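What follows is the residue order along each chain.
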Amino acid sequence: MRSLLELQALDRQHYLHPFSDHRLIAERGTRVISRGEGVYIYDSEGRQILDGMSGLWCVSLGYGRRELIDAARRQLETLPYYNSFFQCTHPPAIELAALLAEVAPPGFSRVFYTNSGSEANDTVIRMLRHYWDLQGQPARKIIISRRNAYHGSTIGGMSLGGMPAQQAQGDLPIPGIVHIGQPYCFELGAGLHPDEFGLRAAGELEQQILALGPERVAAFIGEPVQGAGGVIIPPDSYWPEIQRICDQYGILLVADEVITGFGRLGEWFGSQYYDIEPDLVIFAKAVNGGYLPLGGVLVGDRVGDALVAGGGEFFHGFTQSGNPVACAVAIAALQVMQAEGIVERVRERIAPYFAARWQTLAAHPLVGEARSVGLLGALELVADQASRRRFPAELRIGETCRDTSIELGLVMRHVRDSLIVAPPLVITEAQVDELVDKARRTLDSVGSQLQRHA
Ligand code: PXG
């Protein structure tokens, strides 16, 4: 076994990390995570850390699940790889497709596999264009998305996303993608009732469609709850109005459920939580507990039937589309969820408990808002609760809190000046208490550092 210092040196020399400032990472060094068990990860020095982010929003069943590990081993021994090109197929891809159709909302009979959420978003761009061509409406090319959305890091995914600094780096978005505002009530809805703000935010879709001409618009895409953008929970009025507008103009609705899929909101899919009926659902991450790369698009029958009836080859797919081992682990993960009633447990027991405990942080002087839905939580950090004044940017308060929380044994993620959590769905009440307690100690610790420097 190499020592920690050796590992860190090799990491610095050879490994370009994703979404990282490579110079900064070389200067500051890295934390080596070497093991996981249940809801905890362990660093190379054996320190136990509560994983409040489920890895990266994906390890929903925790680490070390025997059923998932055994499924992978069995499939590796039986058939580690085969493709689904050229009229071939294999049992795990078929079984999983049928199981996904069973857990998906009604009207989703088919799936297209990818290896990631980004690839699934690119697949959607290609599938939408193909669909509208088949419908004899090739002018319907434009996809409307939202500012501060995250849809992945490929050229297509990043173009659909709405993060200006990230897009500027690659001359993105590509043509044909237009962004409207987001339903971020805390930041943008001051003085308005949340429902009024929600209707206004959704109304931007209608304005944009009319400005572009409905006959040019292919689809609207959104995350039921924006995840990487900072756990932006839309007001109740938002999604019904978006649905109404899409229906009125015949525009397809795409739900990117890479984060909200598979129980995160206490329903199998976030679309069900918000009572919306998308045409396409993008998934990845928790489909197999995050153990292996797998993503895809659940294809609603309006699009699926048209693709089949229209015929002609859809020139799209990946060597690893429907990899048998990734699919076998997904089957095991979904079966565990069904057998243990994980979705119901989140809805009825653990999400309400988490919401109540998380809400206790709202009284902390550093917190302008504590919000949660299902097992997603966010804290807005403010210098002054009454006026919601933010801290000076140079204090990097979000990052400071994140670093402090890891020191205290809890992984939280920061987005700008907010802190977010998305713990494994199998977290217990006692572990929720531990999470909230460590979050509070983080705020206390950073608060007293601020006072010392004031
Ligand atoms: N859509 C959504 C809604 C996502 O959250 C993707 C697509 C892309 O999936 P892949 O599998 O290609 O990464 C995501 C991914 C963060 C963070 O820092 C979030 C994601 C990925 C990496 C970091 O919160 N979400």
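This is a predicted model, so every value here is computed, not measured. (Residues numbered from 1 in each chain as written. Predicted model: local features only at pLDDT ≥ 70, side-chain atom pairs only at ≥ 80, totals over all residues. Heavy atoms only, no water.)

1. Section: the domain arrangement of the protein
When its domains are assigned, the protein resolves into domain 1 (31-64 + 342-452) and domain 2 (67-340). One C-alpha centre belongs to domain 1, the other to domain 2; they are set 26 Å apart. With 35 residues of domain 1 at the interface, the matching set in domain 2 holds 33 residues. Taken together, both faces of the contact between domain 1 and domain 2 bury some 2,800 Å²; the carbon and sulfur share is 61%. If you sort the residues of domain 1 by the area they bury against domain 2, Trp57, Val343 and Val373 come out on top, with a joint share of 23%. At the junction of domain 1 with domain 2, the criterion picks out 2 salt bridges. Among the ionic pairs, glutamate 187 bridges to arginine 390, the shortest N-O distance being 2.8 Å. (Domains from an automatic or database assignment. Contact = heavy atoms within 4.5 Å. Buried area = accessible area lost by both parts, 1.4 Å probe. Salt bridge = Lys/Arg side-chain N within 4 Å of Asp/Glu carboxyl O.)

2. A look at the nonpolar core
Counting residues in each nonpolar core, the largest one holds 67 residues, and the members touching the most others are Leu96, Leu100, Phe262, Leu298, Met337, Trp358 and Leu435. It is helix H14 (residues 324-340) that provides the largest number of residues to this core, a total of 11 residues. The residue makeup of this core includes at least three contributed by each of domain 1 (31-64 + 342-452) and domain 2 (67-340). One finds Trp57, Val178, Ile406 and Val411 within the second-largest nonpolar core, a separate group that totals 38 residues. (Core = buried A, V, L, I, M, F, W, Y, C linked by side-chain atoms within 4.5 Å. Buried < 20%, exposed > 50% of the residue type's maximum accessible area, 1.4 Å probe, protein only. Helix = DSSP H or I, 4+ residues; strand = E, 2+ residues; numbered from the N terminus.)

3. Thoughts on the side chain of arginine 140
Residue placement: arginine 140 occurs in the loop between helix H6 (117-134) and strand E5 (142-146). Notably, arginine 140 is buried but unbridged: the nearest opposite-charge side chain belongs to glutamate 215, and the N-O separation is 7.1 Å. Within the structure, arginine 140 has its side chain in polar contact with the backbone oxygen of tyrosine 249 (distance 3.4 Å). The contacts of arginine 140, once residues within four sequence positions are left out, are Trp132, Pro214, Glu215, Arg216, Val217, Ala218, Tyr249, Gly250 and Ile251. (Lys, Arg positive; Asp, Glu negative; His and termini not counted. Polar contact = N/O pair within 3.5 Å; in protein donor to acceptor, adjacent residues only side chain to side chain.)

4. A short note on unusual backbone geometry
The linkage connecting leucine 172 with the following residue, proline 173, adopts the cis geometry, with an omega of 0°. Within the fold, proline 173 resides in the loop between helix H8 (164-168) and strand E6 (177-180). Even without a glycine there, the phi angle at phenylalanine 86 is positive, about 50°. Its location among the elements puts phenylalanine 86 in the loop between helix H4 (66-78) and helix H5 (91-103). Even without a glycine there, the phi angle at glutamine 87 is positive, about 60°. Mapped onto the secondary structure, glutamine 87 falls in the loop between H4 and H5.

5. Describing the packing of H4 against H14
With their axes 8 Å apart at the nearest point, H4 and H14 run at an angle of 150° to one another. Taken together, the axis directions place H4 and H14 in an arrangement best described as roughly antiparallel. Relative to H14, the crossing made by H4 is right-handed. Residue-level contacts link Glu67, Leu68, Ala71, Ala72, Gln75 and Leu76 of H4 to Pro324, Val325, Ala328, Val329, Ala332, Ala333, Val336 and Glu340 of H14. By residue class, the composition of the contact of H4 with H14 is 11 nonpolar, 1 polar and 2 charged. (Axes fitted to C-alpha atoms, helices over the stretch in contact; angles between N-to-C directions. Parallel < 35°, antiparallel > 145°, perpendicular 65-115°, else oblique. Left-handed = near helix turned anticlockwise from the far one by under 90°. Nonpolar A, V, L, I, M, F, W, Y, C, P; charged D, E, K, R; others polar.)

6. Things to note about the site of the ligand
Trp57, Gly117, Ser118, Asp256 and Arg413 are the nearest of the 16 residues found near the ligand. At 3.5 Å from a nitrogen atom of the ligand is found a main-chain nitrogen or oxygen belonging to tyrosine 150. Between the ligand and the protein, one listed contact pairs a nitrogen atom with a side-chain N or O atom of aspartate 256 at 2.7 Å. Notes on the ligand: free accessible area 540 Å², of which the protein chains cover 84%. Elements with a contribution of two residues or more to the shell around the ligand: helix H3 (54-57) and H6. Of the residues forming the shell around the ligand, the biggest block, 3 residues, is contributed by H6. For the shell around the ligand, the domains that each give at least three residues are domain 1 (31-64 + 342-452) and domain 2 (67-340). (Near = heavy atom within 4 Å. Areas by Shrake-Rupley, 256 points an atom, 1.4 Å probe, with all protein chains shown as cover.)

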